[in-house]
Amino acid sequence: MTAVSQEEVVNHTRTIVQGLEALRNEHTSILAGLNNTTEHPPAQVQQPVQNVPEKAGILQKSLDQIELGLSEAQIMLALASHLQTVEAEKQKQRAQVRRLCQENMWLRDELASTQLKLQASEQRVAQLEEDKKHLDFMASIRKYDADVQEGDSGHEHHNKEKQEESSVEYFPDDDGDERSALSPTPPAQFAQQVSAGYEIPARLRTLHNLVIQYASQGRYEVAVPLCKQALEDLEKTSGHDHPDVATMLNILALVYRDQNKYKEAAHLLNDALAIRKKTLGENHPAVAATLNNLAVLYGKRGKYKDAEPLCKRALEIRENVLGRDHPDVAKQLNNLALLCQNQISQDERRGVPRDEMIGKYEEVERYYQRALEIYENKLGPDDSNVAKTKNNLASAYLKQGKYKEAEILYKQVLTRAHEKEFGAIDGDNKPIWQVAEEREENKNSSSEDKKSCNSSTGPYGEYGGWHKAAKVDSPTVNTTLKNLGALYRRQGKFEAAETLEDCAVRSNKELTEQSSGAVQVPPPSHQEDSRHPHSSTGIKKIFHAFGFQS
């Protein structure tokens, strides 16, 4: 028997009701006619109609049955209406339950967020208890400044070596994804600045390093007032057109840039550039550093065509002053290549035909290859900049579909990282990429073969522990693992890709845990400092420690 839906039953019942009502009307009409005939027989009829009462009785019984059927049909329709109402109420209740479940989830999330805020508040309370350590820290800075001033008179050559290790500009930004990050390069050649008649004061270098630490932790409410007060004091004592003022403008501009205040940062960098050109000359390394930072700022705003000539001018200055094979020249080449590479990506999004960008691709490759050659010759194959530049060059190859060339560079980076920890490559000492490829080859083999493959994964056993076993904490190596994994996936080597990606995820987790346990810069002063950062006692103490007037 075919199942009938509730709606069909209701429709059939309504049809039957209509039929019964028509039948009732017909029976009523006939019965009325019979009764009329009985009471008023026609004159022409000689004899009374026979069996009329009997017929009338039958019709009355039939009419009663019809009435009963109509009553039952009305009850069925009412019952169906009631069931529909109950079902609607049931759906409403279900919707209410779903809404309550969602609200419960939201409340759970809100509770978790509140717990995190509570933990942050507890950490803040712990930081406030470190005021004594902060005062000790400021005392050590004051002692450091005194040591530098004493050393300036008797050990000029030693100071030059220390100056080469210091930084004037906000350095660096290139520890992340090399494909998109441009690094404001510090002019590390203070010795050349001394010979040109200008030396960065030790207190400015120390203040700059302190500002970097605060800015890296997002403590701009401390970093910005420090820069502004130092800038105000320098302008009062030395005048606006002074190299120290330009240095302070650079520092403040780069802090603004990290806050995404690009307009203010551009204004300060242009001001610093004008001062340095006026006081130090057009071809000074400090001018090149400011040009580079201004180019990086334009690059972050997507103005690559405006940034490129500035970066090329900085490269020209550094080549003339430092020589064509200096590491700072290589860093400038890296920045220039990154600007051109991002400009290519922008043109692709705008629909520029690839044929029109072939020359630009070749230009990017030349910049990277030259930078790589300089780094390898001057700093050695184990320098971190070599791996970064290889990653950048590999990304340029990927853009052009040169997968084989990119794969070779990625493997070189991972192989070198492996050799630094485990020694030369042999049959029992394999780099992580070779282990990944062996897993790809043996993915369809028997369990015994897979077990044999797993047992020959080199000195670190399970592939996921490679990063930890090799003690490699360079983000460049982690980026290389991800990039080569993505390349394997594009080539259909999914088992090899998963091997490298799993290793990258584990290594990234370890780096995050390490960074979360890093030592933090102590708070500037007491609890009221966070509420009034621009006039806080702690900032004034820091400011006085550097010999400025507040």
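Computed from a prediction, not measured in an experiment: that's the story for all the values here.

Colleague: Tell me about the overall build of the chain, and name the residues and values.
Modeller: Scanning the chain for helices and strands turns up 21 helices and 0 strands. Relative to its 550 residues, the chain shows a buried fraction of 43%. Sequence separation of at least 24 residues holds for 69% of the intrachain contacts in the chain that already meet a minimum separation of 6. Carbon and sulfur atoms form 50% of the exposed surface of the chain, whose accessible area is close to 29,800 Å².

Colleague: Give a detailed account of the packing of helix α12 (residues 327-349) against helix α13 (residues 358-378), specifying residues and quantitative values.
Modeller: Closest axis-to-axis distance for the α12/α13 pair is 8 Å, and the angle between their directions is 155°. The orientation of α12 relative to α13 falls into the category roughly antiparallel. The interaxial crossing formed by α12 with α13 has left-handed handedness. Tallied by class, residues from the contact of α12 with α13 come to 16 nonpolar, 3 polar and 6 charged.

Colleague: Account for unusual backbone geometry, with residues named and values stated.
Modeller: Outside of glycine, negative phi angles account for most residues, and trans bonds account for most peptide bonds. One non-glycine residue, Asn-260, lies in the positive phi region at around 65°. Structurally, Asn-260 can be placed in the loop between α8 (243-258) and α9 (262-280). For Asn-260, a relative accessible area of 54% corresponds to the exposed category.

Colleague: Which residues make up the pattern of salt bridges, and what are the values?
Modeller: Within this structure, the stated rule accounts for 24 salt bridges. Residues Asp-241 and Lys-278 are paired through a salt bridge, measuring 2.9 Å at the closest nitrogen-oxygen approach. Within this pair, whereas Asp-241 is found in the loop between α7 (220-238) and α8, its partner Lys-278 is found in helix α9, the two being separated by 37 residues in sequence. Relative accessible area serves as the criterion here: at 38%, Asp-241 is assigned to the partly exposed category. Taking the relative accessible area as the measure of exposure, Lys-278 reaches 60% and is therefore exposed. Within the structure, one salt-bridge network assembled from shared partners comprises Glu-308, Lys-312, Lys-360 and Glu-363.

Each value, and the rule that gives it
- Residues numbered from 1 in each chain as written.
- Predicted model: local features only at pLDDT ≥ 70, side-chain atom pairs only at ≥ 80, totals over all residues.
- Heavy atoms only, no water.
- Helix = DSSP H or I, 4+ residues; strand = E, 2+ residues; numbered from the N terminus.
- Buried < 20%, exposed > 50% of the residue type's maximum accessible area, 1.4 Å probe, protein only.
- Contact = heavy atoms within 4.5 Å.
- Areas by Shrake-Rupley, 256 points an atom, 1.4 Å probe, with all protein chains shown as cover.
- Axes fitted to C-alpha atoms, helices over the stretch in contact; angles between N-to-C directions.
- Parallel < 35°, antiparallel > 145°, perpendicular 65-115°, else oblique.
- Left-handed = near helix turned anticlockwise from the far one by under 90°.
- Nonpolar A, V, L, I, M, F, W, Y, C, P; charged D, E, K, R; others polar.
- Salt bridge = Lys/Arg side-chain N within 4 Å of Asp/Glu carboxyl O.

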